[in-house]
Amino acid sequence: MKDLSTKFCSRPWEFIEIGSAKGDEVKISFGHERGMSVYNCCPSWVNNNLIGELKYNTNLESIWNGEKSMEFRKSILDGSFRYCNHTLCPHIQSDKLIKSAFSEIKRLLSIIFL
């Protein structure tokens, strides 16, 4: 597994996918009990890690800023990328993730406060 502790992916702050993890046909009928699955990224790239379910009475913002979404984003900031599939994610595989400003700040702080 690649060391991503100094990398950053902006996708969980810029992107949301709504649909079905299994690729099943989803009827957009918000009157039904079953909602639509919501992900911070492409489902297979995040091991189908669901951050919420969009139903007719659900506020999408509450999912976007919800606990599961925030946990997902924390995993990017702490460099673990623990919800990401390191094999399937093309951003990880291509080595095109940008250097994390957060990791650089932590590094500089460790020098200052030796």
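So, how was this worked out
Residues numbered from 1 in each chain as written. Predicted model: local features only at pLDDT ≥ 70, side-chain atom pairs only at ≥ 80, totals over all residues. Heavy atoms only, no water. Pairing = 2+ DSSP bridges. Helix = DSSP H or I, 4+ residues; strand = E, 2+ residues; numbered from the N terminus. Axes fitted to C-alpha atoms, helices over the stretch in contact; angles between N-to-C directions. Buried < 20%, exposed > 50% of the residue type's maximum accessible area, 1.4 Å probe, protein only. Phe/Tyr/Trp six-rings, centres within 6.5 Å; stacked < 30°, edge-to-face > 60°. Patch = residues over 30% accessible without salt bridge, like charges linked within 9 Å, V, L, I, M, F, W, Y side chains within 5 Å. Areas by Shrake-Rupley, 256 points an atom, 1.4 Å probe, with all protein chains shown as cover. Salt bridge = Lys/Arg side-chain N within 4 Å of Asp/Glu carboxyl O. Core = buried A, V, L, I, M, F, W, Y, C linked by side-chain atoms within 4.5 Å. Contact = heavy atoms within 4.5 Å.

Draft legend 1. Structural detail: the sheet that holds strand S3 (residues 36-39). With antiparallel pairing, the 3 strands of this open sheet are ordered in space as S2-S3-S4. Both edges of this open sheet fall to strand S2 (17-19) and strand S4 (52-54), since each of them pairs with a single strand only. For this sheet, the mean angle separating the axes of adjacent strands, direction not counted, is 30 degrees. Examined bridge by bridge, S2 and S3 share 3 bridges and lie antiparallel to one another. Among the inter-strand pairings, Gly 19 is bridged to a residue of S3, identified as Ser 37.

Draft legend 2. Structural context of the pairing of S3. Going residue by residue along S3, you find Met 36 and Val 38 tucked away on one face and Ser 37 and Tyr 39 tucked away on the opposite face as well. Alignment of S3 against S4, held across 3 bridges, turns out to be antiparallel. Paired with Val 38 across the bridge in S4 is Gly 52.

Draft legend 3. View of the packing of aromatic side chains. As enumerated under the stated definition, the model contains 2 aromatic pairs in all. Seen in terms of ring centroids, Phe 72 and Tyr 83 are 5.7 Å apart; in terms of plane orientation they differ by 20 degrees. Their pairing is stacked. Of this pair, Phe 72 sits in helix H3 (residues 67-77) while Tyr 83 sits in the loop between H3 and helix H4 (90-93); the two residues are 11 residues apart in sequence, bridging distant segments of the chain. Exposure remark for Phe 72: the relative accessible area of 2% places this residue in the buried category.

Draft legend 4. Representation of a nonpolar patch on the surface in the model. Together, Ile 105, Leu 109, Ile 112 and Phe 113 make up a nonpolar patch on the protein surface, roughly 450 Å² of accessible area in all. Mapping Ile 105 onto the fold places it in helix H5 (residues 101-112).

Draft legend 5. Inspection of the nonpolar core at higher detail. Ranked by internal contacts, the top residues of the largest apolar core, which has 14 residues, are Phe 81, Cys 84, Ile 92 and Leu 97. Among all residues touching Phe 81, those that are not within four sequence positions of it are Leu 4, Lys 7, Phe 8, Cys 9, Ser 75, Ile 76, His 86, Ile 92 and Leu 97.

Draft legend 6. Spotlight on unusual backbone geometry. Non-glycine residue Phe 81 carries a positive phi angle of around 50 degrees. Among the structural elements, Phe 81 can be located in the loop between H3 and H4. Even without glycine at this site, Asp 95 takes up a positive phi of about 60 degrees. Structurally, Asp 95 is set in the loop between H4 and strand S5 (98-99). Among the residues examined, Asp 95 registers a relative accessible area of 55% and is labelled exposed.

Draft legend 7. Up close: the environment of Phe 72. The spatial distance from the C-alpha of Phe 72 to the C-alpha of Cys 41 is 10.0 Å, given a sequence separation of 31 residues. In this structure, Phe 72 is in contact with Pro 12, Asn 40, Val 46, Asn 49, Tyr 83 and Cys 84, ignoring residues within four places of it in sequence.

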